[in-house]
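Fold and geometry: a report
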Amino acid sequence: MRVSGVALLGLAVGHVLIMHVLDEGVSRVNFEFVQLRWESPFWRTWDWALLVLALLHGINGLRVTVQDYVRWPGARFALNMLFALTGFVLFVLGTVIVFTFDPNAWPRTS
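The text that follows walks through the structure, step by step, so that each part is easy to find. Source: prediction; values computed, not measured.

Here we look at the packing of helix α1 (residues 2-21) against helix α3 (residues 41-69)
Their axes nearest at 10 Å, the elements α1 and α3 cross at an angle of 130 degrees. Comparing their axes, α3 and α1 come out oblique. Here α1 runs over α3; the crossing is left-handed. In this structure, α1 contributes Ser4, Gly5, Ala7, Leu8, Gly10, Leu11, Ala12, Gly14, His15 and Ile18 to the contact, and α3 contributes Trp43, Trp46, Ala49, Leu50, Leu53, Ala54 and His57. In terms of residue class, the contact of α1 with α3 is built from 11 nonpolar, 6 polar and no charged.

Below is the structure:
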């Protein structure tokens, strides 16, 4: 949790600065912006790391919360498995999107 939290702090602050503060701000963010950005392996890796660490951090936080507040062992196990499965599905979907997106397959408007 601590390692992912520290890494997420840097990734998330960088994301907010780049996407919402610098240059023209959020008004410039559209499909074409992402298309141009994801031509670089650096930005794909950045976004994938943000996705993976946020999922790991969030699912682990949910697990700790369930351990603290759910008294019945069966319900605790079921909730932990539900959260783990949800996290895995989101990880797979996000990974597929990040690594199979072809920026050159879409026409540019400008």
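Considerations on the side chain of Gln35
Among the secondary structure elements, Gln35 is positioned in helix α2 (residues 31-37). Of the polar contacts made by the side chain of Gln35, one reaches the backbone oxygen of Pro103; its length is 2.7 Å. Here Gln35 is in contact with Phe101, Pro103, Trp106, Pro107 and Arg108, once residues within four sequence places are set aside.

Here's the deal with the side chain of Asp47
Turning to its location among the elements, Asp47 is positioned in helix α3. Here Asp47 is in contact with Arg37 and Trp38, once residues within four sequence places are set aside.

A look at the packing of aromatic side chains
For the coordinates displayed, the defined rule picks out 7 aromatic pairs. Between Phe31 and Phe101 the ring centres are 6.0 Å apart and the planes differ by 80 degrees, which places this aromatic pair in the edge-to-face class. Here Phe101 lies in the segment after α4 (73-100) and Phe31 lies in helix α2, a separation of 70 residues in the sequence. By relative accessible area, which is 42% here, Phe31 ends up partly exposed. Residues Trp48 and Phe99 carry aromatic rings whose centres are separated by 5.7 Å and whose planes lie at 65 degrees to one another, so their mutual orientation is edge-to-face. Here Phe99 lies in helix α4 and Trp48 lies in helix α3, a separation of 51 residues in the sequence. For Trp48, a relative accessible area of 25% gives the class partly exposed.

Cut-off values and rules
Residues numbered from 1 in each chain as written. Predicted model: local features only at pLDDT ≥ 70, side-chain atom pairs only at ≥ 80, totals over all residues. Heavy atoms only, no water. Axes fitted to C-alpha atoms, helices over the stretch in contact; angles between N-to-C directions. Helix = DSSP H or I, 4+ residues; strand = E, 2+ residues; numbered from the N terminus. Parallel < 35°, antiparallel > 145°, perpendicular 65-115°, else oblique. Left-handed = near helix turned anticlockwise from the far one by under 90°. Contact = heavy atoms within 4.5 Å. Nonpolar A, V, L, I, M, F, W, Y, C, P; charged D, E, K, R; others polar. Polar contact = N/O pair within 3.5 Å; in protein donor to acceptor, adjacent residues only side chain to side chain. Phe/Tyr/Trp six-rings, centres within 6.5 Å; stacked < 30°, edge-to-face > 60°. Buried < 20%, exposed > 50% of the residue type's maximum accessible area, 1.4 Å probe, protein only.

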